[in-house]
Structure formats: C-alpha cells, structure tokens
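One letter stands for each residue in the lines below.
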Amino acid sequence: MIRGIGPLLRGSTYAGALFAYCGALASLPLLPVALLPALSWRSAPESVQIVLVLLVWAVLVGVAGLARPVRRALVVSARRLLRVPLPNPVAGRRTSGSPGLDRWRTPLWLVLHVAVGWTGALASGVLFVMGLSLPGNWLGGEARASLFGTSVRVSGGWSWVVAAVCLLLAVAVCVVVTKTLRWSAPRLLGPSAAERLALAAERELLLAERNRVAHELHDSIGHTLTAATIQAAVAGEVLSADPAAARAAMRSIEESTRAALEDLDYVLGVLREEQSGTAPARTLADLPELLDRLRHAGAVVEPELSGEPAQVQGTLSRAAYRILQEGLTNALRHGAGGPITLKVAAGPDGLELTVVNRTGARTGPGAGAFPTSGHGLPGLAERVRLLHGEFQAGPDGTQHWRLTVRLPVPVSA
C-alpha cells in the first residue's frame with residue numbers, strides 16, 4: 001500500500017499542482033475585463049451573468065495563448081514542472097499546409113490549464129481546510145456528512161476519520177490535476193503533424209551534413225597522415241646526407257598538418273552544432289599544392305591536364321579535389337612506389353578524373369602496411385553517386401590499379 005502511494009507523493013506531483021494553480025492565478029488580471037459585459041447587462045439573471053463572465057474570461061485567456069512567447073513559456077514550464085518531454089518551438093516557424101486548428105491548440109491548452117487550476121485549487125483548498133479544522137472544531141460549527149439523503153453528525157473520533165479522508169482527497173485532487181495536465185500537454189503543446197514533418201526534414205538535412213563532413217574529415221585527415229608518415233620517414237633517411245631535403249620534407253609536413261587542422265576544426269564545429277568558421281573551400285585550383293606535398297613524400301606524379309580544369313567552379317570543383325585527394329592518397333598508401341598517373345580532363349559536358357598506380361608492396365622510406373578503415377572507396381562511390389556521376393575502381397591489368405570518375409556539369413552551371 002505504501003509503495004502504491006509513494007509515487008503520488010513525489011515532488012513532481014506537487015510541482016504539477018503548483019504549475020496548475022499558478023496558471024489559475026495568472027488569469028486573475030483578466031477577470032476585471034471579463035466582468036464588464038455582466039456589469040453592463042444588470043437586468044440579466046444571475047446565472048446568465050455568471051456564464052457570460054466565464055465565457056468572456058475563457059476567450060480572453062485563449063487570445064493570450066495566441067502569442068508565440070506565451071507558447072514558448074508554457075512549453076518550458078510544462079517540461080520542467082510536469083516532467084513532459086516537449087521540444088522547444090522554433091522561433092519564426094511557419095508550417096505551410098498546417099491545419100487551421102493547429103494554431104488554436106495553445107489557446108485551448110491555456111484555457112484547460114486555467115480551468116483545471118481553478119477547479120483543483122478550490123477543491124483542494126476546501127478539503128485541506130476541512131481536514132485541519134474538523135478535529136478541533138476550529139470553525140465553531142457542527143459538521144455533518146450527507147450521502148443519498150442521509151445526514152450524520154460528525155463528532156468525536158469520527159471527526160478525525162473525516163479529516164484524514166479530506167486530506168487524502170486533497171492529495172488525490174493534486175494528483176488528478178497533475179495527471180490531467182501531463183496527459184494533455186503533449187497533445188496540445190507538442191509539435192503538430194506539420195511541425196513534426198518540418199523537424200524531420202531538418203533532422204535529415206543535419207544528418208546529411210554530418211555525413212558530408214565525415215567524408216571531408218576522412219579524406220583530409222587520411223591524406224595528411226599518410227603523406228606525413230612517408231615524409232617523416234624520408235626526412236629521417238636523408239637527414240644526415242641531404243639536410244635541405246629533410247627540411248623540405250618537414251616543411252611539407254607542417255603545411256599539410258596545418259591544413260588538416262583547419263578541416264578538423266570546421267568538422268568538429270559542425271558535429272557539435274556550434275557556429276564554426278567557414279568551411280575550407282579547396283578546389284581544383286589547389287591541385288598543384290596537393291601534388292607538391294605528394295612529391296615531398298617521395299611520390300612520382302605524372303599529371304596530364306586537358307581542357308580548363310581551373311575554370312571548373314563550385315561544388316563540382318570541390319568534389320573533384322576531394323576525389324583526387326583520396327585517389328592519390330590510396331595510390332601513395334597501397335601502391336608499389338612507381339609513378340602515379342593523374343589525368344584531369346575538363347570538357348563542356350563533364351569532368352573526367354583518372355588515377356593509375358602500380359600495385360604491389362611499397363619499397364623505400366615509409367614502406368609498410370598502412371592501417372585502413374575500408375571507408376575510402378565506398379565514400380568516393382557515394383560522393384560520385386550524389387553528383388550523378390560514374391565511378392569505376394579496380395585492377396587495370398596485372399600490375400596497375402585504376403580509378404576513373406566521370407562527373408557531369410550541373411545544369412545551373
């Protein structure tokens with residue numbers, strides 16, 4: 001029995017009742033305005049005047065609920081006091097196609113809040129006063145209990161029983177008030193169907209953005225770590241024999257890691273939903289710098305550029321740079337150390353990218369197995385698919401590996 005009553009006596013129940021009673025008290029300033037129609041119609045019966053006052057009062061309370069700040073305040077207070085998981089309403093949201101009744105959900109909640117608050121406050125107040133006054137007959141009157149026309153005088157030990165029942169009923173009223181508001185809050189203060197669709201669309205865009213920055217992070221950090229590992233090995237090999245080459249390798253490591261740190265800072269800002277800086281926009285115009293870093297790592301790159309790659313702009317140029325960066329990184333990581341052939345052909349209808357490298361075990365400084373996540377080629381394929389391009393990767397003969405990507409020029413370009 002005690003276990004069953006325990007949850008009813010928790011702080012959340014009293015907090016919910018307090019929330020309801022405060023809502024009732026907050027409506028008091030509107031009562032004088034609601035009395036004006038009744039005062040101007042004194043000839044009407046008293047019952048009609050009471051009904052008229054209550055109707056005008058309810059209308060005024062409902063109109064107050066149309067203000068967006070009121071809804072936000074109600075959502076925050078209901079979440080904290082009623083322990084209802086309600087999302088914050090988005091400021092300035094306009095949901096097209098939303099049913100006309102949606103805008104009246106908050107006024108309806110406010111009217112219900114005030115009605116339940118006043119009903120609970122009056123009922124629990126009367127019961128509480130009776131529970132305290134009956135045992136000592138503080139009111140100086142005679143207490144009687146009536147049921148089905150039978151009236152019984154309450155005195156002696158029965159007064160304590162009735163007092164205990166009154167106090168329990170006061171607690172029950174608090175529980176009913178809280179349960180009523182907890183049940184109605186998600187239905188009236190929660191997001192409407194149109195708002196839920198808008199929130200789902202925002203969530204989908206956020207997940208797509210996080211997926212994109214994950215690809216960016218994989219491409220940038222994977223390339224930098226691969227190149228830096230090989231460059232550090234090269235610097236260690238030639239440190240005594242060719243200090244100038246070693247210094248060049250260390251400068252290349254510094255430049256590539258600085259660029260990777262910029263990418264990392266941006267990605268972490270996006271993942272933390274913070275206001276991060278502008279996304280590093282590396283395009284095909286930065287391709288010579290990428291090739292220089294590879295040459296400092298000891299790679300032999302043979303570029304073949306045709307058309308006007310530098311004239312490719314926007315998303316296509318940025319995507320092409322990341323594709324080439326990942327393709328060259330894979331060639332450096334898994335290639336046999338021979339020359340890497342890079343072809344970039346920019347035409348009026350699209351852009352063709354090709355990376356060819358020798359396969360086999362790498363020899364020389366930096367040789368050895370590189371850890372791989374296995375997300376490189378699938379990530380490239382997904383990036384190309386989103387751009388409506390063609391992706392091919394696989395052996396080219398017995399000693400080479402070929403990566404070929406064809407990207408169409410956007411119609412808007």
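Bear in mind that the values here come from a model prediction, so they are computed numbers and not experimental data.

Draft legend 1. Layout of the overall build of the protein chain. Along its length, the protein chain carries 12 helices and 7 strands. Across the protein chain, every contact between residues at least 6 apart in sequence was considered, and the portion connecting residues at least 24 apart equals 72%. Summed over its atoms, the accessible surface of the protein chain is roughly 23700 Å², and 64% of this surface lies on carbon and sulfur atoms.

Draft legend 2. Geometry of the packing of helix α5 (residues 68-81) against helix α6 (residues 105-133). Two elements in contact, α5 and α6, have axes whose closest approach is 11 Å; the angle formed by their N-to-C orientations is 55°. Considering the angle they form, α5 stands oblique to α6. For the pair α5 and α6, the sense of crossing is left-handed. In contact with Val70, Arg71 and Leu74 of α5, α6 contributes Arg105, Thr106, Trp109, Leu110 and His113. Split by residue class, the contact of α5 with α6 holds 4 nonpolar, 2 polar and 2 charged.

Draft legend 3. Here's a closer look at the pairing of strand β6 (residues 390-395). When β6 meets strand β7 (residues 400-408), the two strands line up antiparallel, connected through 6 bridges. In the strand pairing of β7, Glu390 is matched with Arg406. The hairpin formed by β6 and β7 contains 4 residues between the paired strands, and Gly397 there has a positive phi angle of roughly 85°.

Draft legend 4. Molecular detail of the packing of aromatic side chains. Per the counting criterion, the structure on display carries 2 aromatic pairs. Seen from their ring centres, Trp57 and Trp118 are 6.1 Å apart, and the 55° between their planes marks the pair as tilted. Within this pair, whereas Trp57 is found in helix α4 (residues 46-64), its partner Trp118 is found in helix α6, the two being separated by 61 residues in sequence.

Draft legend 5. Region of the structure containing unusual backbone geometry. For Arg83, which is not glycine, the phi dihedral falls at a positive 60°. Summarising the element assignment, Arg83 is placed in the loop between α5 and α6. Residue His388 is not a glycine yet carries a positive backbone phi of 60°. You can see His388 is positioned in the loop between α12 (376-386) and β6. Owing to a relative accessible area of 69%, His388 belongs among the exposed residues under this scheme.

Draft legend 6. View of the confidence of the model for the protein chain. For the protein chain, the mean per-residue pLDDT works out to 76, and 73% of the residues sit at or above 70. Contacts for the low-pLDDT stretch residues 1-11, under 50 throughout, to residues beyond four places or in other chains number 5 contacts.

Draft legend 7. Here's a closer look at a nonpolar patch on the surface. Together, Val33, Leu35, Leu36 and Leu39 make up an exposed nonpolar region whose accessible area comes to about 340 Å². Mapped onto the elements of the fold, Leu36 is located in helix α3 (residues 31-40).

Draft legend 8. Geometry of the pattern of salt bridges. Summed over all chains, the structure comprises 4 salt bridges. A salt bridge links Arg406 to Glu390; the shortest N-O distance between them is 3.7 Å. With Arg406 in strand β7 and Glu390 in strand β6, this pair connects stretches of sequence that are 16 residues apart. Given a relative accessible area of 48%, Glu390 falls into the partly exposed group. Across the pair Asp396 and Arg402 runs a salt bridge, and its minimum N-O distance is 3.0 Å. By relative accessible area, Arg402 is classed as partly exposed at 31%. In this structure, a network of salt bridges that share partners links the residues Glu352, Glu390 and Arg406.

Draft legend 9. Region of interest: the packing of α3 against α4. Contact geometry of α3 with α4 gives a least axis separation of 8 Å together with a crossing angle of 140°. Regarding the angle of α3 to α4, the classification is oblique. Every pair of crossing elements has a handedness; the one defined by α3 and α4 is right-handed. Where α3 approaches α4, its residues Leu31, Val33, Ala34, Leu35, Pro37 and Ala38 are matched on the opposing element by Gln49, Leu52, Val53, Val56, Trp57 and Leu60. Looking at side-chain class alone, the contact of α3 with α4 contains 11 nonpolar, 1 polar and no charged residues.

Draft legend 10. Structural context of the UniProt feature "transmembrane region" (unreviewed entry) in the protein chain. Under the present numbering, the feature "transmembrane region" (unreviewed entry) in UniProt falls on residues 12-35, 47-67, 108-130 and 157-178. Taken as a whole, residues 47-67 contains 86% helix and 0% strand, while its terminal C-alpha atoms sit 32 Å from one another. Its end C-alpha atoms 33 Å apart, residues 108-130 is made of 100% helix and 0% strand.

Draft legend 11. Highlighting helix α11 (residues 314-334). Between its first and last C-alpha atoms α11 spans 31 Å; for 21 residues at 1.5 Å apiece the expected length is 30 Å, and the two agree. Of all 21 residues in α11, 17 are buried, a share of seventy percent or more.

Draft legend 12. Up close: the sheet that holds strand β4 (residues 340-346). Reading across the sheet, the 5 strands line up as β3-β4-β5-β7-β6 and stay open at both edges, with mixed pairing between neighbours. Where the open sheet ends on each side, the last strands, each with one partner, are β3 (301-306) and β6. Neighbour-to-neighbour, the strand axes of this sheet turn through a mean angle of 5°, independent of strand direction. Pairing of β4 with strand β5 (residues 350-358), which is carried by 6 bridges, proceeds in the antiparallel orientation. Directly across from Lys343, in β5, lies its bridge partner Thr354. Along the sheet, helix α10 (residues 287-296) contacts β3 and β4; its crossing angle with β3, the most-contacted strand, is approximately 165°. Strands β4, β5 and β7 of the sheet are contacted by α11, whose axis makes an angle of about 10° with β5.

Criteria and cut-off values
Residue numbering note: each chain is counted from 1, following its sequence as written. It should be noted that, the model being predicted, local features are given only for residues of pLDDT at least 70 and side-chain atom pairs only at 80 or more, the latter also being counted only at that level, while totals for whole chains, interfaces and linings use all residues. Hydrogens and water are ignored here; the side-chain numbers use all heavy atoms of the structure. Helix and strand assignments follow DSSP, with helices taken as H or I runs no shorter than four residues and strands as E runs no shorter than two, numbered in order from the N terminus. Two residues qualify as a contact provided that any one of their heavy atoms is within 4.5 Å of a heavy atom in the partner residue. In this description, accessible areas are obtained by the Shrake-Rupley approach with a 1.4 Å probe, and a residue is regarded as covered only by the protein chains that are shown. Only the contacting stretch of a helix is used when fitting its axis, a line to C-alpha atoms as for every element, and angles between N-to-C directions run 0 to 180 degrees. Throughout, the term roughly parallel applies to angles under 35 degrees, roughly antiparallel to angles over 145, roughly perpendicular to angles from 65 to 115, and oblique to all others. Left-handed describes a crossing whose near helix is turned anticlockwise from the far helix through less than a right angle; right-handed describes the clockwise counterpart. Three residue categories are used. Nonpolar comprises Ala, Val, Leu, Ile, Met, Phe, Trp, Tyr, Cys and Pro, charged comprises Asp, Glu, Lys and Arg, and polar comprises the others, including Gly. Following DSSP output, two strands are said to pair if at least two bridges run between them. Only the six-membered ring of Trp is used, alongside the rings of Phe and Tyr, when aromatic pairs are assigned; centres must lie within 6.5 Å, and planes under 30 degrees apart are stacked while those over 60 apart are edge-to-face, with the rest tilted. Exposure categories follow from relative accessible area, calculated using a 1.4 Å probe and restricted to protein chains: below 20% of the type maximum is buried, above 50% is exposed, and the middle band is partly exposed. Residue-level confidence of the predictor is summarised by pLDDT, bounded by 0 at the bottom and 100 at the top. For patches, a residue must show more than 30% relative accessible area and have no salt bridge; joins then use 9 Å for like charges and 5 Å for nonpolar side chains, namely Val, Leu, Ile, Met, Phe, Trp and Tyr. Counted as salt bridges are all cases of a side-chain nitrogen of Lys or Arg within 4 Å of a carboxyl oxygen of Asp or Glu. UniProt positions are given in the numbering used here, feature names are shortened, and annotations may be inferred rather than shown by experiment. For a helix, the expected span equals 1.5 Å multiplied by the residue count minus one.

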